[in-house]
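Here is how the chains run, residue by residue.
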Amino acid sequence: QVQLVESGGGLAQTGGSLSLTCTASGPSFNNQVLAWFRRAPGKERIFVGSTTWNDHRITGSETSKGRFTVSRDNARTTMTLRMTKLEPEDTAIYYCAATSGISSTREVDYEYWGQGTQVTVSS
């Protein structure tokens, strides 16, 4: 099995920055598509962005606008979410997910999930 652990969550101020890291363990890391999802209070879990072994990316709304950036380091078996210009609406639990299949924005297509890390943006 692939194990995923998120870290780096915490409290940030509006307009600030925060970086999250997903650390993977298990076989075939480079064959895994990695993705970030988030679940805000009272809302469904939504797609943030994904990256393949060669860093082909699918971007969600915030990454498309340039506030968030997804990247991966295959040598360190990690994926990073760099968040800037944070807003209170970014408050959510952020999840790392992985699949040995194709890139997808649908959570049902991902086989492995971390437990999540809380990000809180003060207003």
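In case you missed it, the structure is sitting above this.
If you're wondering where the values come from, they're calculated on a predicted model, not measured in any experiment.

### What to know about the pairing of strand β9 (residues 92-99)
Right, so step 1: Most of β9 sits inside the fold, with seven of its eight residues counted as buried.
Right, so step 2: Across seven bridges, the pairing between strand β4 (residues 33-39) and β9 is antiparallel. From the neighbouring strand, W36 faces β9, where its bridge partner is C96.
Right, so step 3: In terms of strand pairing, β9 meets strand β11 (residues 117-122) through three bridges, oriented antiparallel. The partner of I93 across the bridge, within β11, is Q118.
Right, so step 4: Looking at chain direction, β9 and strand β10 (residues 112-113) are connected through two bridges and run antiparallel. In the strand pairing of β10, A97 is matched with W113.

### Regarding the side chain of D90
Right, so step 1: Relative to the assigned elements, D90 resides in the loop between β8 (78-83) and β9.
Right, so step 2: A distance of 2.9 Å separates a polar atom in the side chain of D90 from a polar atom in the side chain of R67.
Right, so step 3: The residues contacting D90, other than those within four sequence positions of it, are R38, R67, F68, K85, V119 and V121.

### A few points about the environment of S17
Right, so step 1: With respect to the secondary-structure elements, S17 resides in the loop between β2 (10-13) and β3 (18-25).
Right, so step 2: For S17, a relative accessible area of 37% puts it in the partly exposed group.
Right, so step 3: The contacts of S17, once residues within four sequence positions are left out, are R82, M83, T84, K85 and L86.

### Re the sheet that holds β3
Right, so step 1: Strand order in this open sheet of four strands is β1-β3-β8-β7, and the pairing throughout is antiparallel. Each edge of the open sheet carries a strand with a single partner, namely β1 (3-7) and β7 (68-73). Averaged over all pairs of adjacent strands, the angle between their axes in this sheet comes to 15°, without regard to strand direction.
Right, so step 2: Bridge count for β7 against β8 is six bridges, and the pairing is antiparallel. By the bridge assignment for β8, T69 is matched with R82.

Thresholds applied
Residues numbered from 1 in each chain as written. Predicted model: local features only at pLDDT ≥ 70, side-chain atom pairs only at ≥ 80, totals over all residues. Heavy atoms only, no water. Buried < 20%, exposed > 50% of the residue type's maximum accessible area, 1.4 Å probe, protein only. Helix = DSSP H or I, 4+ residues; strand = E, 2+ residues; numbered from the N terminus. Pairing = 2+ DSSP bridges. Polar contact = N/O pair within 3.5 Å; in protein donor to acceptor, adjacent residues only side chain to side chain. Contact = heavy atoms within 4.5 Å. Axes fitted to C-alpha atoms, helices over the stretch in contact; angles between N-to-C directions.

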